[in-house]
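In case you want the letters, here they are:
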2 protein chains.
Amino acid sequence: MCRVAVLGAGYMGSAITFPLADNGTDIHLWGTWLDDDILEASQRGEHPKLKKKLPEKVSLFYSQQLEEAVKEVDFILIAVSSEGFLPVFQKLLETLQTEQPLFTLTKGFVEYDGRIMRIHDAAFDLFKKKFPHENFIWTSVGGPVKAIELSNKVPTGTVFGINSPRIQELLRYFKAEYYRVAVTDDIAGVELSSAFKNVYAIALGICDGLYGTMKGRLFHNFKALLFNQAIQEMAIIIEAAGGRRATVFDLAGLGDLYVTSSSGRNRRFGEYIGKYMRAEEAYDLMLREGEIAEGYKTMGLGGEFLKGFGDNLLEKLPLFRTLDRILFLDKDVSVEMEGFFRRYILR
Amino acid sequence: MCRVAVLGAGYMGSAITFPLADNGTDIHLWGTWLDDDILEASQRGEHPKLKKKLPEKVSLFYSQQLEEAVKEVDFILIAVSSEGFLPVFQKLLETLQTEQPLFTLTKGFVEYDGRIMRIHDAAFDLFKKKFPHENFIWTSVGGPVKAIELSNKVPTGTVFGINSPRIQELLRYFKAEYYRVAVTDDIAGVELSSAFKNVYAIALGICDGLYGTMKGRLFHNFKALLFNQAIQEMAIIIEAAGGRRATVFDLAGLGDLYVTSSSGRNRRFGEYIGKYMRAEEAYDLMLREGEIAEGYKTMGLGGEFLKGFGDNLLEKLPLFRTLDRILFLDKDVSVEMEGFFRRYILR
């Protein structure tokens, strides 16, 4: 009998319970202090984000029940927002008695020890402070997975960036007829692709917002060019940060950016920006609907993260810098997007 | 004063006249024997495909006027369909007196000398038969360019695969404020990316047709997976055929597949297939509307082309083989697409 704890009852944490349940695991789905409404609604009937009942093998745990939720489980998945990651991980470490395979579906960066860090690196450091002699067994989950489609059992492919053969043994609890799991040891590549695709999906959303409403004038050529530029910049970033380009040119990068730019919250956030809404306003508007445009926060922290690799790196990322000026310096979105094309593409 | 001949008055041949005209060239737009209606309509007012007037610097030439059209021009663009390429190129060679920079926007394969060949290779052979001691100056044009958007002057990026520094000097006649030209010496990579993206766009259209109409069930996860698989297979093909993987992972490959799968004739052809129309029926339906789904023909010839590299190559291309069974063996589209996922992706 396999027992699993999933921390975070939002889209992805709840969706991953479907393949886990189909593989016969008992799932403890723990909600953060922000998830009370979700748990209550799920208890009464449907999960309010996924619009369906959760599998029967899911038991719900409220935020004060973390210790119970992770007691005697075989592995733990963390699927909170990037802002929630550190507080949840620290609470988790307090209750852990020993090493435990950890999976994270959280995408983005954290501020830790006075620096902006990858989630993996912060988690590693915290873990080793408590368990200096135990194994940090870690998986970063990436790839093109819209949570609601996973819960609909649409054919889906994912990539697990893993650091231990022990994870290999656990894959059978994930793999399902509709859920393919590819494996790589390039954790940095998977994690950073997942994070930055949310940033670049904003650029594609901006293209939709800015040009999509001009009657009779489609901008697919420009959007394809932005898509391609996004992938090239992600490859530069990931290579600089110790990952592999090949990871970007595959499911974790181009597959995930493709799905994120077809639908999803970050694309929609970008669409608002393209329609001349200020970034903070758009973020707050979505937040009031219970939707977090993570790419916006990732963009801010990601910019700091990239500075750690020297100014030289940012110079190679004109689309990233264009987004930065639009989102954080409130520059005119149309002027910036056209300037980006003229200055950096039209050479 | 620069004078240019464009052969083929369909979408792309007509659209490319816009940046050429903006750079002050005089353009001789020659229509094939299939383009009479287009020329007549364009003469009276609007180009019927692009739905707008052609630039003033464009003069129209009917099929019997090829010699006039190419007389004393500085370079020649060929933008006929792949089926029209050989007859047009042979006619062109009859009128040519000497070497001449040649650009082709035609995508696909030709049957030449008893074999299925890349257009470049057939053209090279024909050229050298007539001009054994002259230079074959050649450009294959690729990248994410919807013709109608180019004629709307939407920001657009293209890739020229070139084999001579003389082409570099001519780029100024193409580059415009809305038209970026990247250059590579990987002609095979550009040409084969252009051809095979039309094939794989059919797979993405099939996904739309098969699943897009199921109410409330989106299949973006699956479509992203197909998109990624298409790019991986294109990289395998192009590497086997002497091109570079990097060309596929850039504008010519992923950029072009992105735009082709957002809109375009091959995606639409695939959508019909996904709705259980037989391939030939769908092709004929579109043909009656004056639209050619080139990917269908490219698929047939491309399959033969790939066999030239041994059976081993086709084994590495499960999505290509799946398409082959659907389009040419009339296998059930739903069974095949799901079988593809189960057998090749879900491993």
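Described in the following lines is the structure provided in the data block. (Residues numbered from 1 in each chain as written. Chains lettered and ligands numbered in written order. Predicted model: local features only at pLDDT ≥ 70, side-chain atom pairs only at ≥ 80, totals over all residues. Heavy atoms only, no water.)

Details of the overall build of chain A
Part 1: Within chain A one finds 18 helices and ten strands.
Part 2: In terms of overall dimensions, chain A is globule-like: its C-alpha atoms have a radius of gyration of 20 Å, near the 20 Å expected for 347 residues.
Part 3: Overall, chain A is about 60 × 45 × 35 Å in size when its C-alpha atoms are taken along their principal axes.
Part 4: In chain A, the share of contacts with a sequence separation of at least 24, taken over all contacts with a separation of at least 6, comes to 68%. (Helix = DSSP H or I, 4+ residues; strand = E, 2+ residues; numbered from the N terminus. Rg over C-alpha atoms; globule rule 2.2 N^0.38 Å. Contact = heavy atoms within 4.5 Å.)

Notes on the relation of the copies chain A and chain B
Part 1: Superposition record for chain A on chain B: RMSD 0.0 Å, screw rotation 180 degrees, translation along axis 0.0 Å. As the rotation angle and translation indicate, the two copies are arranged about a two-fold axis. The position closest to the rotation axis in chain A is occupied by the C-alpha of Phe 249 of chain A, lying 3.3 Å away.
Part 2: When the interface residues of chain A are mapped onto chain B, 100% of them are again interface residues, pointing to one common binding face. (Least-squares fit on C-alpha atoms with pLDDT ≥ 70 in both.)

Notes on the pairing of strand 10 (residues 179–184) of chain B
Residues and elements named next belong to chain B.
Part 1: For strand 10, the buried fraction is high: five of the six residues fall into the buried class.
Part 2: Of the strand pairs in this sheet, strand 9 (residues 156–162) and strand 10 are connected by six bridges, and their pairing is parallel. Note that in strand 10 the partner of Phe 160 across the bridge is Val 183.
Part 3: Regarding topology, helix 8 (residues 165–170) serves as the crossover connection from strand 9 to the parallel strand 10, and that connection is right-handed. (Buried < 20%, exposed > 50% of the residue type's maximum accessible area, 1.4 Å probe, protein only. Pairing = 2+ DSSP bridges. Right-handed = clockwise from strand over helix to strand, strands pointing away.)

Structural notes on the packing of helix 10 (residues 220–240) of chain A against helix 17 (residues 318–328) of chain A
All names here are of chain A.
Part 1: Packing of helix 10 against helix 17 brings their axes to within 8 Å, and their N-to-C directions diverge by 105 degrees. Accordingly, the angle class assigned to the pair helix 10 and helix 17 is roughly perpendicular. Seen from helix 10, the contacting residues are Leu 226, Gln 229, Ala 230 and Glu 233; seen from helix 17, they are Pro 318, Leu 319 and Phe 320.
Part 2: Looking at the contact of helix 10 with helix 17, its residues break down into five nonpolar, one polar and one charged. (Axes fitted to C-alpha atoms, helices over the stretch in contact; angles between N-to-C directions. Parallel < 35°, antiparallel > 145°, perpendicular 65-115°, else oblique. Nonpolar A, V, L, I, M, F, W, Y, C, P; charged D, E, K, R; others polar.)

Some words on the sheet that holds strand 5 (residues 102–104) of chain B
All names here are of chain B.
Part 1: Read from one edge to the other, the open sheet built from eight strands follows the order 3-2-1-4-5-8-9-10, with strand pairing classed as mixed. Pairing within the sheet leaves two strands with one partner each, and these edge strands are strand 3 (58–61) and strand 10. Taken over all neighbouring pairs, the strand axes of this sheet differ in orientation by 25 degrees on average, direction set aside.
Part 2: In terms of strand pairing, strand 8 (residues 138–142) meets strand 9 through four bridges, oriented antiparallel. Note that in strand 9 the partner of Ser 140 across the bridge is Gly 161.

Quick notes on the sheet that holds strand 8 (residues 138–142) of chain A
Residues and elements named next belong to chain A.
Part 1: The strand order 3-2-1-4-5-8-9-10 describes an open sheet built from eight strands, whose pairing is mixed. The strands lining the two open edges of the sheet, one partner per strand, are strand 3 (58–61) and strand 10 (179–184). On average, adjacent strands in this sheet sit at an angle of 25 degrees to one another, irrespective of strand direction.
Part 2: Pairing analysis gives four bridges linking strand 1 (residues 3–7) to strand 4 (residues 75–78), with the strands arranged parallel. By the bridge assignment for strand 4, Val 4 is matched with Phe 75.
Part 3: Sheet strands in contact with helix 5 (residues 82–95) are strand 1, strand 2 (26–30), strand 4, strand 5 (102–104) and strand 8, and its direction is about 160 degrees off that of strand 4.

Here we look at the pattern of salt bridges
Part 1: All told, the structure shown has 38 salt bridges over all chains when counted by the stated rule.
Part 2: The residue Glu 304 of chain A makes a salt bridge to Lys 307 of chain A at a minimum N-O spacing of 3.3 Å. With a gap of three residues between them, Glu 304 of chain A and Lys 307 of chain A both fall in helix 15 (residues 294–307), about one helical turn apart.
Part 3: According to the relative accessible area criterion, Glu 304 of chain A is partly exposed, its value standing at 42%.
Part 4: One salt bridge in this structure joins Arg 118 of chain B and Asp 121 of chain B, with 3.9 Å as the shortest N-O distance.
Part 5: Owing to a relative accessible area of 9%, Arg 118 of chain B belongs among the buried residues under this scheme.
Part 6: Residue Asp 121 of chain B is classed as partly exposed on the basis of its relative accessible area, which comes to 27%.
Part 7: One continuous salt-bridge network, built from bridges that share partners, spans Asp 208, Lys 223, Arg 267, Glu 271 and Lys 275 of chain A. (Salt bridge = Lys/Arg side-chain N within 4 Å of Asp/Glu carboxyl O.)

Observations regarding the packing of aromatic side chains
All names here are of chain A.
Part 1: The tally for this structure, following the rule as stated, stands at 56 aromatic pairs over all chains.
Part 2: Both rings, one in Tyr 296 and one in Phe 328, keep their centres 5.3 Å apart while their planes meet at 10 degrees; by these two values the pair is stacked. You can see Tyr 296 sitting in helix 15 and its partner Phe 328 sitting in helix 17, a full 32 residues away along the chain.
Part 3: On the accessibility criterion, Tyr 296 (6% relative accessible area) is buried. (Phe/Tyr/Trp six-rings, centres within 6.5 Å; stacked < 30°, edge-to-face > 60°.)

Considerations on the interface of chain A and chain B
Part 1: Contacts between the two partners involve 46 residues from chain A and, on the opposite side, 46 residues from chain B.
Part 2: Both faces combined, the contact of chain A with chain B buries some 3,800 Å², and carbon together with sulfur accounts for 58% of it.
Part 3: Considering only the surface of chain A that becomes buried against chain B, Arg 180, Asn 221 and Tyr 258 of chain A emerge as the three largest contributors, covering 20% of it.
Part 4: One can count 20 residue pairs in polar contact (both at pLDDT 80 or more) joining chain A with chain B.
Part 5: Listing elements by their share of the side of chain A that touches chain B, those giving two or more residues are helix 7 (147–151), strand 9 (156–162), strand 10, helix 10, helix 12 (251–262) and helix 18 (333–345) of chain A.
Part 6: Top contributing element to the side of chain A that touches chain B by residue count: helix 10 of chain A, with ten residues.
Part 7: Taken together, the residues of the side of chain A that touches chain B sort by class into 23 nonpolar, twelve polar and eleven charged. (Buried area = accessible area lost by both parts, 1.4 Å probe. Polar contact = N/O pair within 3.5 Å; in protein donor to acceptor, adjacent residues only side chain to side chain.)

Comments concerning the pairing of strand 7 (residues 115–118) of chain B
All names here are of chain B.
Part 1: In terms of strand pairing, strand 6 (residues 109–112) meets strand 7 through four bridges, oriented antiparallel. Within the sheet, the bridge partner assigned to Val 110 lies in strand 7 and is Met 117.
Part 2: Between strand 6 and strand 7, which pair antiparallel and follow one another directly, the connecting turn spans two residues, one of which, Asp 113, has a positive phi of 60 degrees.

Let's talk about the side chain of Ser 63 of chain A
Part 1: Tracing the sequence through the fold places Ser 63 of chain A in the loop between strand 3 and helix 4 (66–70).
Part 2: Setting aside anything within four residues of it in sequence, one finds Ser 63 of chain A in contact with Trp 30, Gly 31, Thr 32, Trp 33 and Asp 36 of chain A.

Focus: the nonpolar core
Part 1: Grouped together as the largest cluster of nonpolar side chains are 119 residues, with contacts concentrated most on Phe 196 and Phe 269 of chain A together with Phe 196 and Phe 269 of chain B.
Part 2: Setting aside chain neighbours within four positions, we find Phe 269 of chain B in contact with Ile 202, Ala 279, Ala 282, Tyr 283, Met 286, Ala 293, Tyr 296 and Leu 327 of chain B.
Part 3: Formed by 40 residues, the second largest nonpolar core is a distinct cluster that contains Val 58, Val 145, Tyr 173 and Ala 176 of chain B. (Core = buried A, V, L, I, M, F, W, Y, C linked by side-chain atoms within 4.5 Å.)

Some points on the environment of Ala 235 of chain A
All names here are of chain A.
Part 1: For Ala 235, the position within the fold is in helix 10.
Part 2: Taking the relative accessible area as the measure of exposure, Ala 235 reaches 0% and is therefore buried.
Part 3: With 46 residues separating them in the primary sequence, Ala 235 and Gly 189 have C-alpha atoms 8.9 Å apart.
Part 4: In this structure Ala 235 touches Arg 245, Val 248 and Phe 249, once residues within four positions along its chain are discounted.

Some words on the environment of Ile 162 of chain A
Residue and element names in this part refer to chain A.
Part 1: Relative to the assigned elements, Ile 162 resides in strand 9.
Part 2: For Ile 162, a relative accessible area of 8% corresponds to the buried category.
Part 3: Along the sequence, Ile 162 and Ala 188 sit 26 residues apart, while their C-alpha atoms lie 9.9 Å from each other.

Considering the packing of helix 13 (residues 265–274) of chain B against helix 14 (residues 279–288) of chain B
Residue and element names in this part refer to chain B.
Part 1: At a minimum axis distance of 9 Å, the contact between helix 13 and helix 14 shows a crossing angle of 135 degrees. Classed by the angle they form, the pair helix 13 and helix 14 counts as oblique. As helix 13 runs across helix 14, the sense of the crossing is right-handed. Here Arg 265, Arg 268, Phe 269, Tyr 272 and Ile 273 of helix 13 lie close against helix 14, whose contacting residues are Ala 279, Ala 282, Tyr 283, Leu 285 and Met 286.
Part 2: For the contact of helix 13 with helix 14, a count of residues per class yields eight nonpolar, no polar and two charged. (Left-handed = near helix turned anticlockwise from the far one by under 90°.)

It is worth stressing that arrangement in space is one thing and function is another; only the former is reported here.
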